[in-house]
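If you want the building blocks of each chain, they are given just below.
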Amino acid sequence: MRLITHNMLSCNIKGVTNGYPLGIEASRLETKESELNPEFLRKIFPKLEWKALRDAAHSLGLNDLPEHVEPSMLEDADFLKNFHHALLEVHLEEGALICPETGRRFPVTKGVPNMLLNEDEV
Amino acid sequence: MLSGAGISKRKELELFGRERMQDGQEERRRSSSSSSCFVKPSRFAMEEPTAHLYVANCGPAVGIPISVIRDAFSMFGRVTSVLQPAGDSSGSRVYVSYVNVSDAVAARQAWNGRPCDLLQGRVMLIQHAVPQQQQPPVEAQVPVFTLTKDIDIPGLSLYTDFISPEDEQELLTAVDAEQWTTLAKRRVQHYGYEFLYKTRNVDKNQKLGGLPLSVEPVLSKVALLSEMTHAKEPSLPLDQLTVNEYPRGVGLSPHIDTHSAFQGSIISLSLAGPCIMEFRKYKKKTATPVDEISHVPDLQEMSHQEDGVNDQEVANLRQLNMEMERKALFLPQRSLLIMSEEARYAWHHYIPHHKLDDINGQIVSRGPRRVSFTFRKVRSGPCTCIFPEQCDSQQPHLSTLFPSNDDNVREPCTTTSEDAYNEISYCATLSCNSETENSSESSSKTVPSLVKPFNSVTPEIEKTYVHKVYDAIAPHFSSTRFAKWPKVALFLNSLEAGSVIADAGCGNGKYLGLNPKCLFVGCDISPPLVEICTQQGHEALVADALHLPYRTGFCDAAISIAVLHHLSNEGRRVRAIEELLRVVHKKGKVLITVWAVEQEDKKLLSKWTPLTCKYMDEWVDDVGTKFKQNLSTSSLGSIKEGSNEDLKELTLEKDLVEQQEYFVPWHLPYHRAEVGGASAAAVASGLAKKDDTKRAVVYNRYYHCFVEGELERLVSGVPGARIIDQFYDKSNWCVVIERL
């Protein structure tokens, strides 16, 4: 699971009103290089919750994303490189995602988050 | 042997029932293949004995060569021929013809329904048959040639004993020392470029390296052949090698190697064992107007099949007004086959899934394995062959799209030759009793409320007959699911670059990444299927389509392909639509496809098991059924809470209304079922049944098939949804929705 996916994931347990963003517990990360596509990054940028991305990156030890961003930064090669790396190249292979409201852990194994809810959660 | 009259009577009745099913099956096949040599007399007519016998449960496929059958039956008198039924790829039925009627009668009396010592104790089912006058029996079998000069396919050459046994051993030792990749049924190694089964092409930018040194002597010898030195289109230097190891009994689905992938000749060296290779060419039957080009890919689709010709294929051909020419060539051990020009570009090649090959009466056993070395040259530039109908360079949509009915018509293991058995096993297993459905008992039963409230807890029927089944069949299911449906591809390709697409119920992920300019996130409730997605490098997670774990409005588009029909009540189907809409932003698009009751191939319905009353009442609401009722009797959209009176009427008329709830079988071949694994447990718990005849574990999947207008009605009821397109295609109902 990459941070782009993390940015869209939310805990939808019945009754939970504040299930976003999920916390990350990482026990194994993997970096897989991919081609940087500035156009794609510019397109995806407005959809992202920047704070969620930055905090998530931070919790994985990726400290190169600035706290505040502006669209003009998308012209900066260094920024794009760091943005691309955090968003698309770092994979959470083993660990868990944690609901910020209930503390419910969604395990991540072999890179796959299991977001299935129990019967009493739906 | 002890056999009381009562017992033998019962046995006869059982056989009788089975035979009747086979009759039906045989007749269907006969009518479609038009090249049968015998027909059986009607079961109910007084049988006039003939000199010909139809013998079931006996033949090469069950380990009894034709010559052995002939010898055995000869003990009753002179046998003139032993033939396999036309179009029967099962290899487990034969026609035995005597000179004298009395000999045939004696053989039938002695062996029908009893173990036969001369034939490994097999119990055969024997009936008299009559020859069909119109056609000569010769057409019954695909002719097998041993010389390419006789087979008369331009561009085909065969060199026998191309290398010495010592060189063969050296080559085998060399490849066995390397790493094999395991496919569904065989193992492979790729050199030069990896052949990608998903695209059926190579990635020209990913060169693996040169070909192994061990094949150098073969390459130098090949380079001297006249096919190479006088080639119209150069094949040298050969730069791609795929080594295939076929275990005994495993074949190769019919296909033409992708034109745009390779140029020149395809050269294949057979080692370790022989086989036959069948060549098939499809041609227009008569001078009717040319079919639309979009129909042509249906033929490509066949390459995904697991076996030879089936009903669907025949139906396809008929629909296209095409016919198929079939010829086979025997490939001995250590022979070299060269396919060039027409043989390479226009003929499908196919290796039947047999352990024994019948070379014009001589039975040849395949070895414990056959290892083929296939040498090809990766193409530079587009293909400009003179066979545009098969050419993906000249018809670009052929290159990535191998349309199928998307999950639909093609149940890969239903190798149809044995479907007769199939249908019986379902009738017996599930015993859907139409009598109870009409009985006064059921109509006076307590009436369930018309629309069950949305139940967020997954019903048992879905857990048992959808989730558990996909978990158990995942790898096999996936290995049969790379055909992409053009309408889905069209939708995905129409999306803007940079779009985020949620595939809810992504299965093995065949649509993930289809549009390389977009970002796909797949989810499925089956962890084994999701694992397959991630192994392919796709982003996917385990989640329920009714509770998507995405924040609202994030996605630009969502797709739900062949998912909603697995949900067992209307509340849940509506909920799934709501979830798809929730996760896309305003103006975001959603594509939904579901199986239709209105199947293009009506015969399929007869292979499915209508749900029994028990399941209907306990697990499935039947609003769909009532909706259909309403459509025909009153105006649309006025589904009111019915009075008991109404419901009684509905129940009584139930069997007049279209059946929508089905169990659809999935055949997991024994060799794909893990020993002691999920399938053993499934059989033990009654979830699946073993079918020894088909050598498969049979699972049932639950389906709610949609009637015309039903999907539209569900979508219209969801706030914020606007239907922008709806269509029926390939037995699916489909809608494209925009979120308002």
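See above for the structure.
Residues take numbers from 1 onward in each chain, read along the sequence in its written order. Written order determines the labels here, with chains lettered from A and ligands numbered from 1. Per-residue local features are limited, in this predicted model, to residues with pLDDT of at least 70; the limit for side-chain atom pairs, both in listing and counting, is 80 or more; totals at the level of whole chains, interfaces and linings are taken over all residues. Here the side-chain values reflect all heavy atoms present in the structure, with hydrogen atoms and water set aside.

## Topic: the overall build of chain A
Line of reasoning, step 1. Strands are runs of DSSP state E lasting at least two residues, helices are runs of H or I lasting at least four, and both sets are numbered from the N terminus onward. The helix and strand tally for chain A stands at 4 helices and 4 strands.
Line of reasoning, step 2. In chain A, the order of α-helices and β-strands from amino to carboxyl end is α-β-α-α-α-β-β-β.
Line of reasoning, step 3. Taking all contacts inside chain A whose residues are at least 6 apart in sequence as the whole, residues at least 24 apart take part in 67%.
Line of reasoning, step 4. Every accessible area reported is derived by Shrake-Rupley at a probe size of 1.4 Å, with residue values counting cover from the shown protein chains alone. On chain A, roughly 6,100 Å² of surface is accessible, and the fraction owed to carbon and sulfur atoms is 47%. In what follows, a contact means two residues having at least one pair of non-hydrogen atoms within 4.5 Å.

## What about the sheet that holds strand β33 (residues 721-729) of chain B?
Residue and element names in this part refer to chain B.
Line of reasoning, step 1. Strand pairing requires that DSSP identify at least two bridges connecting the strands. One open sheet accounts for 7 strands, arranged β26-β25-β24-β27-β28-β34-β33; its pairing is mixed. Each end of this open sheet is capped by a strand with a single partner; those strands are β26 (540-542) and β33. Neighbouring strand axes in the sheet, compared pairwise and without regard to direction, differ in orientation by 15° on average.
Line of reasoning, step 2. Pairing geometry for strand β25 (residues 519-524) and β26, over 3 bridges, is parallel. Bridge pairing in β26 links Cys523 to Leu541. To obtain each axis, a line is fitted to C-alpha atoms, and for helices this fit is confined to the stretch in contact; angles are then taken between N-to-C directions over 0 to 180 degrees.

## Here we look at helix α3 (residues 50-59) of chain A
Residue and element names in this part refer to chain A.
Line of reasoning, step 1. All buried positions along α3 are accounted for by Trp50, Ala52, Leu53, Ala56 and Ala57. When α3 is viewed along its axis, its buried side chains cluster within an angular range of 165° and face the same direction.
Line of reasoning, step 2. Buried residues in α3 make contact with α1 (3-8), β1 (23-31) and α4 (77-89). In this scheme, a residue with accessible area under 20% of its type's maximum is buried, one over 50% is exposed, and one in between is partly exposed, where area comes from a 1.4 Å probe on protein chains only. This arc is built from the directions going out from the helix axis to the C-beta atoms.

## With respect to the pairing of strand β34 (residues 732-739) of chain B
Side chains on a regular strand alternate between the two faces of the sheet.
Residue and element names in this part refer to chain B.
Line of reasoning, step 1. Burial runs high along β34: 7 of the 8 residues are buried.
Line of reasoning, step 2. Of the strand pairs in this sheet, β33 and β34 are connected by 8 bridges, and their pairing is antiparallel. Looking across to β34, one finds that Arg722 is bridged to Glu738.
Line of reasoning, step 3. In textbook terms, the turn of a hairpin is the stretch between consecutive antiparallel strands, and for β33 and β34 this stretch comprises 2 residues, one of which, Lys730, has a positive phi near 50°.

## What to know about the side chain of Arg376 of chain B
All names here are of chain B.
Line of reasoning, step 1. You can see Arg376 is positioned in strand β23 (residues 369-378).
Line of reasoning, step 2. Arg376 sits in the buried class, given a relative accessible area of 6%.
Line of reasoning, step 3. What qualifies as a polar contact is a pair of N or O atoms within 3.5 Å, subject to a donor-acceptor requirement within protein and to the restriction that residues adjacent in sequence count only when both atoms come from side chains. Polar contacts involving the side chain of Arg376 include one to the side chain of Asp257, which spans 2.4 Å.

## Notes on the pattern of salt bridges
Line of reasoning, step 1. Throughout this description, the term salt bridge denotes a Lys or Arg side-chain nitrogen within 4 Å of a carboxyl oxygen of Asp or Glu. Applying the stated criterion across every chain, the model contains 34 salt bridges over all chains.
Line of reasoning, step 2. Across the salt bridge formed by Glu579 of chain B and Arg582 of chain B, the nearest N and O atoms sit 2.7 Å from each other. In this pair, Glu579 of chain B and Arg582 of chain B both sit in helix α18 (residues 570-583), 3 residues apart, roughly one turn of the helix. With respect to class, Glu579 of chain B is no different from Arg582 of chain B; both count as buried.
Line of reasoning, step 3. One network of salt bridges, in which partners are shared, links Arg28, Glu30, Lys32 and Glu93 of chain A.

Purely geometric stuff here, so don't read any function into it on its own.
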